[in-house]
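# Observations on the three-dimensional arrangement
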Amino acid sequence: MSLLLGRTYWAAFIYVLLISHSCNGFYLPGSYMHTYSTGQEIFAKVNSLTSIETELPFSYYSLPYCKPQGGVKKSAENLGELLMGDQIDNSPYRFRMNINESVYLCTTKPLSENEVKLLKQRTRDLYQVNMILDNLPAMRFAAQNGINVQWTGFPVGYTPPRSQDDYIINHLKFKVFVHEYEGTGVEIIGTGEEGMGVISEADKKKASGYEIVGFEVFPCSVKYDPERMTKLHIYDNVTSVNCPLELEKSQIISEQERVSFTYEVEFVKSDIKWPSRWDAYLKMEGARVHWFSILNSLMVISFLAGIVFVIFLRTVRRDLTKYEDLDKEAQAQMNEELSGWKLVVGDVFREPNFSKLLCVMIGDGVQITGMAVVTIVFAALGFMSPASRGMLLTGMIILYLFLGTGAGYAGVRLWCTIKGTSEGWRSVSWSVACFFPGIAFVILTALNFILWGSKSTGAIPIYLYFILLSLWFCISVPLTLLGGYLGTRAEHIKYPVRTNQIPREIPARKYPSWLLVLGAGTLPFGTLFIELFFILSSIWLGRFYYVFGFLFVVLLLLVTVCAEVSVVLTYMHLCIEDWQWWWKSFYASGSVALYVFLYSINYLVFDLQSLSGPVSAILYLGYSLLIAIAIMLSTGTIGFLTSFYFVHYLFSSVKID
């Protein structure tokens, strides 16, 4: 059987090699490449308006912008995009390949009091317009402290220093970088929003043309004569304008003002090839800091590994060897003189308090850990490109649903081990299926009411609630129950020693044990906090995070540190005759979540100083709390399972009747 499996794996490996050699070029991230002929029309799309000050996305057409001739049409969105608050619509911004032009769009009706108030509010809250052309976000460069800083999108408007007036951005200068493609037999496989696509040898002629490899925008405010502009029609050519520096020539936001929108397009030939077009967005900043984070983690791991090495090889093995070398009479005499962890041999596997809750949390922890590992591996391999918006979140949800089998299996098998019987496994399976999703449902619903009240596109629509609940009850719950059933069929883990009927009294301690447990969480946090800064910046400051290779290494280091910390702390408690190690081993590594949540508050106070209003702060803290709970379940599970097998191994080596 094993020989057959081995041959099958080798055959699959050779097949993959042959396939890869048959491709002239292979590119996984991004969407299917489009080529355009000269003069071909391309329309830009617009995403939700976003702000790092409020974190509340709003629809682009909630402001008095020009609308497309055929009406506003929403693009098809995946589950991740809907949950992230993305709302991608069509726009009237038309581009004709390789034709430089200056174009008129429309002139608004006189601005009403309500529209002025909304425009001023969005301007003061630093809202950005997010425009997309051929799946590339518009990029702009802004001078900040003498350095050119790269941003995606452009502001709704601006407020000059020491001024009470606000000015709207109504003229855009686009620079579109194109690369001439001559169909040289490159085979490209894409995973973008258009789905899988292959450019083969047969499509050479059809594919020849120009690829869009860059999209920059320079925004400015220009005051036009509305009487003259209203005589023009959409896409009529207008005179190219220089962005005015004088405020008198800029378009002020005030009542009864009529705002005219125009834009210019310049096409520039580029040597950048289509597979490399996202490099400008994904430039890895702070690589040295990432390496410092990893080296810092390695030092912590080495220190803890040294302690574990001493425990295993010097203390435990020495004691066991000395004990096993004695004859039976000497062992019996020594049993009366035992000290430390050997004294709790009759209590170490005694059922913990709230054993069902422990089993449920371990089951959910296995599910979350599996989801995190697989997601990061796939992202590191390039399967979840930022070009495929919402793919990361969609992938995480799908993985979580299908890993319900593992959650049910782990939770029920631990339950059967603790109880010695499979009775009550259905209740445990149902609890595993509903515990973390239930917490997430309560938190997200509370936050959703806030978003609904603010009329934000970030609010989850009612129909999406029904979709999520359907996925939960139709996929996750049945798979968790299946996993639970498999857990009852698996061989129960047998304890190596018998448990006494009367529990042993735990000696009084000079310090409370929870203090040591909480302190243990600082070590896993030390491996994580630098990478945590970059992750929080990508979530809340709208920056791209694509260093998943670094993140995968940090995840491996975090797992190692959690396991080592939990083993060391469990051994320390057993040495002081504290046999109640079950929950302590869980929270020894799980307490890292407390520090993650506290760091999130620190980030809110010192790095998100621009975040304004109680609504934004509540949203931030709500999402941070949900992330912290997920981290607690994941890291706590890693620590507990490692400690369980450590204790099982330790006492299985002791020959005591």
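Conventions and cut-offs
- Residues numbered from 1 in each chain as written.
- Predicted model: local features only at pLDDT ≥ 70, side-chain atom pairs only at ≥ 80, totals over all residues.
- Heavy atoms only, no water.
- UniProt positions renumbered as here; feature names shortened; annotations may be inferred.
- Helix = DSSP H or I, 4+ residues; strand = E, 2+ residues; numbered from the N terminus.
- Buried < 20%, exposed > 50% of the residue type's maximum accessible area, 1.4 Å probe, protein only.
- Contact = heavy atoms within 4.5 Å.
- Areas by Shrake-Rupley, 256 points an atom, 1.4 Å probe, with all protein chains shown as cover.
- Axes fitted to C-alpha atoms, helices over the stretch in contact; angles between N-to-C directions.
- Parallel < 35°, antiparallel > 145°, perpendicular 65-115°, else oblique.
- Nonpolar A, V, L, I, M, F, W, Y, C, P; charged D, E, K, R; others polar.
- Expected span 1.5 Å × (residues − 1).
- Phe/Tyr/Trp six-rings, centres within 6.5 Å; stacked < 30°, edge-to-face > 60°.

Going by an unreviewed UniProt entry, the protein chain carries the name Transmembrane 9 superfamily member and comes from Daucus carota subsp. sativus. Here is the UniProt Sequence similarities (unreviewed entry) comment for the protein chain, exactly as written: "Belongs to the nonaspanin (TM9SF) (TC 9.A.2) family."

### Some details on the overall build of the protein chain
Secondary structure summary: the protein chain contains 18 helices and 14 strands in total. Evaluated residue by residue, the protein chain yields a buried proportion of 50% over its 657 residues. Nonlocal contacts in the protein chain, meaning residues at least 24 apart in sequence, comprise 85% of its contacts between residues at least 6 apart. Split by element, the accessible area of the protein chain, about 32300 Å² in all, is 62% carbon and sulfur.

### Description of unusual backbone geometry
Phi is positive for Leu 126, close to 60°, though the residue is something other than glycine. Relative to the elements of secondary structure, Leu 126 occurs in the loop between helix H3 (113-124) and strand S4 (128-129). Given the relative accessible area of 43%, Leu 126 is considered partly exposed.

### Some words on the packing of helix H8 (residues 355-380) against helix H18 (residues 614-652)
The angle between the axes and the distance between the axes are what describe a pair of packed helices. At a minimum axis separation of 8 Å, H8 and H18 run at an interaxial angle of 105°. Here H8 is positioned roughly perpendicular relative to H18, judged by the angle of their axes. From H8, Leu 358, Met 361, Ile 362, Asp 364, Gly 365, Val 366, Ile 368 and Thr 369 reach across to H18, where they touch Ala 630, Met 632, Leu 633, Ser 634, Thr 637, Ile 638, Phe 640 and Leu 641. Class assignment of the residues belonging to the contact of H8 with H18 gives a composition of eleven nonpolar, four polar and one charged.

### Re helix H9 (residues 391-402)
Between its first and last C-alpha atoms H9 spans 16 Å; for twelve residues at 1.5 Å apiece the expected length is 16 Å, and the two agree. Taken as a whole, H9 has its buried residues at Thr 394, Gly 395, Ile 397, Tyr 400 and Leu 401. Elements that come into contact with the buried residues of H9 comprise helix H2 (79-84), H8, helix H10 (404-419), helix H11 (425-453) and helix H12 (462-489).

### Considerations on the packing of aromatic side chains
Aromatic ring pairs are described here by two measures, namely the spacing of the ring centres and the angle between the planes. Under the definition given, this model contains 40 aromatic pairs. Taking 6.3 Å as the distance between ring centres and 40° as the angle between the ring planes, the aromatic pair formed by Trp 452 and Tyr 465 counts as tilted. Of this pair, Trp 452 sits in helix H11 while Tyr 465 sits in helix H12; the two residues are 13 residues apart in sequence, bridging distant segments of the chain. The class of Trp 452 is partly exposed, set by a relative accessible area of 33%. Tyr 465 sits in the buried class, given a relative accessible area of 12%. With a centroid separation of 6.1 Å and 15° between ring planes, the pair formed by Trp 581 and Phe 640 is classed as stacked. Here Trp 581, found in the loop between helix H15 (548-575) and helix H16 (582-590), pairs with Phe 640, found in helix H18; they are 59 residues apart in sequence, far enough to count as distant. Like Trp 581, the residue Phe 640 is buried in the burial classification. In textbook terms, an aromatic cluster arises when at least three aromatic residues are bridged by ring pairs, as seen for Phe 441, Phe 449, Trp 452, Tyr 465, Trp 472 and Phe 473.

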